[in-house]
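Inside the fold
Below are the chains, spelled out letter by letter.
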Amino acid sequence: MKNIMKEAHRLTKLIIKKGDSYKATFRLCLSFAHSKAKKVAKTIEYRTSRGHEVSVKVGEGITVENLTVNGIKVIENNNDKYRCFLCKGYIYVALEKDYKKIGATRPAQITYNKEMDALYEDVTIERKLKDRKEEEKALRLANMQVECKKHEVFLDRLLSDINFI
């Protein structure tokens, strides 16, 4: 538990921006650190507000690996991130062959419960951290290039100064 708290504080310091609530950001990071600590791919089963029985196993990122609706296996062993994925508030089934299995005439949006919402938030935080790391890496690279330019200009002036030699 102590390591989870430390990790949550570290993540919060990485992603917090000016004007953000530390408390709210920490809560999200704590949720993420906790789920990361017990990172077990499990199947989540729930009933939608319309009474449909849904069973979901989330794969890498926001990709839905397995999806069963009312006992009908809509998706099995999915590795394509654009076939079926999590969005804010619902699962999006994009392929025609998949959404026709559940009787839909267009891409289906299946609402989900609070547990799935927490999972989506975790993935979103993971993406923010990855983006932040990439931003920091680009900033460091830009700073290094500026420093190199400064030294280059200094060397040019130094070498072009006749009185120097």
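Cut-offs applied
All residue numbers here refer to positions counted from 1 along the written sequence of the relevant chain. In keeping with the predicted nature of the model, local features appear solely for residues at pLDDT of at least 70, side-chain atom pairs appear and are counted solely at 80 or more, and the whole-chain, interface and lining totals rest on all residues. The side-chain figures draw on all heavy atoms in the structure; neither hydrogens nor water molecules are used. By the convention used here, strands pair only if DSSP detects at least 2 bridges between them. The helix count covers DSSP runs of H or I at least four residues long, the strand count covers runs of E at least two residues long, and both are numbered beginning at the N terminus. Structural elements are reduced to axes, namely lines fitted to C-alpha atoms, with helices fitted over the stretch in contact, and the angle between N-to-C directions of any two is expressed from 0 to 180 degrees. Two residues form a contact once any of their heavy atoms are found within 4.5 Å. Here, a salt bridge means any side-chain nitrogen of Lys or Arg that lies within 4 Å of a carboxyl oxygen of Asp or Glu. When a residue's accessible area, from a 1.4 Å probe over protein chains only, is under 20% of the maximum for its type it is buried; when over 50% it is exposed; and in between it is partly exposed.

The next subject is the sheet that holds strand S7 (residues 108–111). One open sheet holds the three strands; their spatial order is S5-S6-S7, and the pairing between them is antiparallel. Both outer strands of the open sheet, strand S5 (84–87) and S7, are each paired with one neighbouring strand and no more. This sheet shows a mean twist of 25° between the axes of neighbouring strands, independent of strand direction. Summarising the sheet, S5 and strand S6 (residues 90–93) pair through four bridges and their orientation is antiparallel.

This part takes up the side chain of asparagine 78. As for its placement among the helices and strands, asparagine 78 is situated in the loop between strand S4 (72–75) and S5. Ignoring anything within four residues of it in the chain, the contact list for asparagine 78 reads Thr63, Val64, Glu65, Arg83 and Cys84.

Moving on: the pattern of salt bridges. Two side chains of opposite charge can pair, provided their charged atoms sit close to one another. Under the criterion given, the structure shown has seven salt bridges. Where arginine 10 meets glutamate 7, a salt bridge forms, and the shortest distance between an N and an O atom there is 2.9 Å. Within this pair, arginine 10 and its partner glutamate 7 are both found in helix H1 (residues 2–15), separated by three residues, close to a single helical turn. You can call arginine 10 partly exposed: its relative accessible area is 40%.

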